[in-house]
Every structure is written in C-alpha cells, then in structure tokens.
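Commentary on secondary and tertiary structure
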Amino acid sequence: MPVITCIDDLKQLHKRRTPKMFYDYAESGSYTEQTFRNNTSDFAELLLRQKVAVDMSGRTTESTLIGEKVAMPVALAPVGLTGMQSADGEIKAARAAEKFGVPYTLSTMSICSIEDVAAHTSKPFWFQVYTLKDDDFMRRLFERARAANCSAIVITVDLQIMGQRHKDLKNGLSAPPKFTLKSMANLATKWAWGLEMLGTKRRFFGNIVGHAKGVSDPSSLSSWTAEAFDLTLDWKRIAKFKEMWGGKVILKGVMDAEDARNAMSVGADAIVVSNHGGRQLDGALSSIRALPAIVDAVGDKIEVHMDSGIRSGQDVLKALAMGAKGTMIGRSYIYGLGAMGEAGVTKALEVIQKELSTSMALCGERDVKNLGRHNLLIPKGFEGDWQ
C-alpha cells in the first residue's frame, strides 16, 4: 500500500486507476459547480480554537446515530454506481464500514443489490430510497430492505428532478452508458479496473433491473428513470413512505429551517443537512453554512446530521461543533474505494478518525460528544445576513 496521509492522496490514486467517466461522475457538481466547490471551501472559514495544558489522554470518538453505537459519528453516504468505481464496490464499502463500526448506506441506484450486500455482511446497514411514483415498486423495495435486516431507510428528498451535470453528458454516462471513442480509449488504459469488472457478474443496477415494472435489462433503464421520479412530492407523500416502511427514517436533503420542522412533523428520526454534494441546485448555500440555522430551529427534538463537502477529520469536527449529531461522507470514501477497493475505504475511515481524534485533543476535548461552538472561531456573518 502506498503511503496515504490524507484523503487527497486517495483521490489522486482514484483518478489514476478508475475510468474517467466514473471518476468524473463522483467528482462533479451541477451546472457551474459553484455549490460543489463551496461545500469544501467554506469549511476553511471556520477556525479551530486551540487549547493547551489540558489532559488529552483517554480520548474517544465513539457516539450514537439514531440509537446505534458507532466508532465515530460518520456514516458512509449513499452513492449511486459505487460498483463501477471498483468491482462489487457496494459490498467492499459495506464490509469496510461494518469492520470499522460505522453505518453504511446502500443506494437504490447501486450496482450490487440489497440482497448482495446483505449476503456479504453480518450487521444491519441503512438503505436509501428515492421518492418514486410507483407505490408497488416502493412497497416491494421496502419489503426487500426489511428482509435484508436494514435498520433504517434514508429517503432522498432533493431529487424529484435531476440537476444537469455537464461532465456526465460529455462522457456519455447514462443508463445504459453511451460510449464514445474517447471514453473507450480511456477505458482501455484502465486494465486493472477492467480485469476486476470482468471477474464479477454485477455490472448493472441490481435493485432495479428485474424488479421495476418494464425493466428487464439495462437497455430499458433510461425510459424507466426518466418517468420514475414523483414531481408531485409533498410532505403527505413522505409521511406515506414512512408508513410503508414502518421503521426508522432519515430524510436526506434538508437545507431550510422550515423543511426541518416539517420533517419533524412527519415523524422522521433524523434529517441530513445536504445539498446532494452540489449535484442538484447549483447556487445554493453550502451545507456547513446552512447547518447552524437548522440546528437552532429544531434544537434537540430531532437528530441533525450533515453531508456534503467533508474531506477530513477536521471537517467532521467542525460540523459536530456547529451542532450536527453526525456526518455523512460520500466522495471521501469513494476516493478510497476507487484507489484500493475495500482497503481504501478502510484507509479513508482511518485517516478521518485519526485527524478527528488529534484535532479534538488540540482543541482540549477528549470526548467527541462534548464538541460545540466553543471549540470554534466563527467569522461574523458566516451564516449570512440575507434579506
């Protein structure tokens, strides 16, 4: 294994080892990518408050998320097409998360199916769903998740309509992919990736092909995807999904205090402050800027998690200090997966935990649960002074 000191080291390896269309899929935002960039850069405006002459021994990053014990308050976010970053990628990521002691969230748009991941893990994982129109498909999806012993459903509420991602269009990344001469030439240079993909039977959307009405093979995916999402979604519909599931529900994609209060009213167990990694509404606030107002609006009445832009343990610390109960990482672990498979996901988690623990110590804290705004130097106007 090469010397890995930070998440960016994994990113560079990921870029070298993974086909461009799949690297770009992960490393892109919608339209101008303003929000995608701000998600990471805005963390730098929050400064950590250093403390000295404090007892740094016996530190712990252990916490709980929706009642589940975790090695640190970090969950692996749902990422579509994970199995194209590395063969059987969802299984590899889920195994790494289980061994490390953090939640893994499987995307509906995964390559490996719910059943695949359940067969290769021994602990419950979370399952992400979209707000789709087809009640029959949704009910069967929830039934499959129950059968797989999933402990929570993560409902993505910010993807009724998809923001345009220029790189995906130019690379021909669609369902199924539309390969160009350029993309085929690039694929030919990624021989190690190619050999892995030849060795697996999992190359298509395992939760959809053969399960959704009219989708019997990859060629029929595009028409289903174009028509599946529910443009009429409202809070009553979200409440219906919660009733269909009957278990713990996390709503992902909340960026507004009023929406956070509505999430409480439908009985959600947690919300994730997230702008979909800058892949939906370009020009929106970064998640870290949106977080404080939402935390202030709901208090401790509902768990608030944060997603989008986290690339280090220091970023996790800042999110927790700003009031989040937990965080989600997407690209940070995808870099590791694309770089070195399961070992790379483990390395990403190790890097983040070590940075979190060390930075906590230098901020004078021994328990991750004690982090708060007192650990930060927050610039005036960080949350914005909007009319």
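Reference entry: report on the structure contained in this document. (Residues numbered from 1 in each chain as written. Predicted model: local features only at pLDDT ≥ 70, side-chain atom pairs only at ≥ 80, totals over all residues. Heavy atoms only, no water.)

Let us now look at helix H4 (residues 89-100). Over its 12 residues, H4 extends 16 Å from the first C-alpha to the last, a length consistent with the 16 Å expected when each residue adds 1.5 Å. The buried fraction of H4 amounts to 10 of the 12 residues, a majority that puts the element mostly inside the structure. Tucked inside the fold, the buried residues of H4 contact strand E4 (74-76), strand E5 (105-106), helix H5 (114-119), helix H9 (191-198) and helix H15 (331-362). Just downstream of H4 lies Gly-101, where phi reads positive at about 100 degrees. (Helix = DSSP H or I, 4+ residues; strand = E, 2+ residues; numbered from the N terminus. Expected span 1.5 Å × (residues − 1). Buried < 20%, exposed > 50% of the residue type's maximum accessible area, 1.4 Å probe, protein only. Contact = heavy atoms within 4.5 Å.)

Attention now goes to the packing of aromatic side chains. By the definition in use, this model includes four aromatic pairs. Measuring from centroid to centroid gives 6.0 Å for Phe-142 and Trp-245, while their planes differ by 45 degrees, and the two rings are tilted. One end of the pair, Phe-142, is in helix H6 (residues 135-147); the other, Trp-245, is in helix H11 (residues 235-245), with 103 residues separating them in the sequence. We note Arg-279 situated over the ring of Tyr-25; from NZ or CZ to the ring centre the distance is 4.6 Å. Taking the ring centre of Phe-382 as reference, the NZ or CZ of Arg-289 above it sits at 4.6 Å. (Phe/Tyr/Trp six-rings, centres within 6.5 Å; stacked < 30°, edge-to-face > 60°. Lys NZ or Arg CZ within 6 Å of the ring centre and 35° of its normal.)

With 13 residues, H6 extends 18 Å from end C-alpha to end C-alpha; this agrees with the ideal 18 Å at 1.5 Å per step. Among all positions in H6, only Asp-135, Phe-137, Met-138, Leu-141, Phe-142, Arg-144 and Ala-145 are buried. Next to the buried residues of H6 lie H5, strand E6 (126-130), strand E7 (152-156), helix H10 (221-228) and H11. One side-chain oxygen at the N-terminal end of H6 lies 3.0 Å from the backbone nitrogen of Asp-136; it belongs to Asp-134. Looking at the residues trailing H6, positive phi occurs at Asn-149, about 65 degrees. (Polar contact = N/O pair within 3.5 Å; in protein donor to acceptor, adjacent residues only side chain to side chain.)

Glancing now at the sheet that holds E5. Here we have eight strands laid out as an open sheet, ordered E4-E11-E10-E9-E8-E7-E6-E5, and parallel in their pairing. At either end of the open sheet lies a strand with only one pairing partner, and these are E4 and E5. By the bridge criterion, five bridges tie E6 to E7 in an arrangement that is parallel. By the bridge assignment, Gln-128 is partnered in E7 with Val-154. Helix H14 (residues 313-321) contacts E4, strand E10 (303-307) and strand E11 (326-329) of the sheet and is inclined by roughly 145 degrees relative to E11. Each of E4 and E11 touches H15; the most contacted strand, E11, lies at about 160 degrees to it. (Pairing = 2+ DSSP bridges. Axes fitted to C-alpha atoms, helices over the stretch in contact; angles between N-to-C directions.)

As enumerated under the stated definition, the model contains 20 salt bridges in all. Put simply, Lys-92 and Glu-196 hold a salt bridge, and the shortest N to O gap is 3.6 Å. A residue pair is termed long-range when its members are at least 10 positions apart, and Lys-92 in helix H4 and Glu-196 in helix H9 qualify at 104 residues. The class of Lys-92 is buried, set by a relative accessible area of 16%. The exposure class of Glu-196 is partly exposed, given its relative accessible area of 37%. Ionic pairing is found between Lys-240 and Asp-135, a salt bridge with its closest N-O pair at 2.8 Å. One end of the pair, Lys-240, is in helix H11; the other, Asp-135, is in helix H6, and 105 residues separate them in sequence. Given a relative accessible area of 19%, Asp-135 falls into the buried group. (Salt bridge = Lys/Arg side-chain N within 4 Å of Asp/Glu carboxyl O.)

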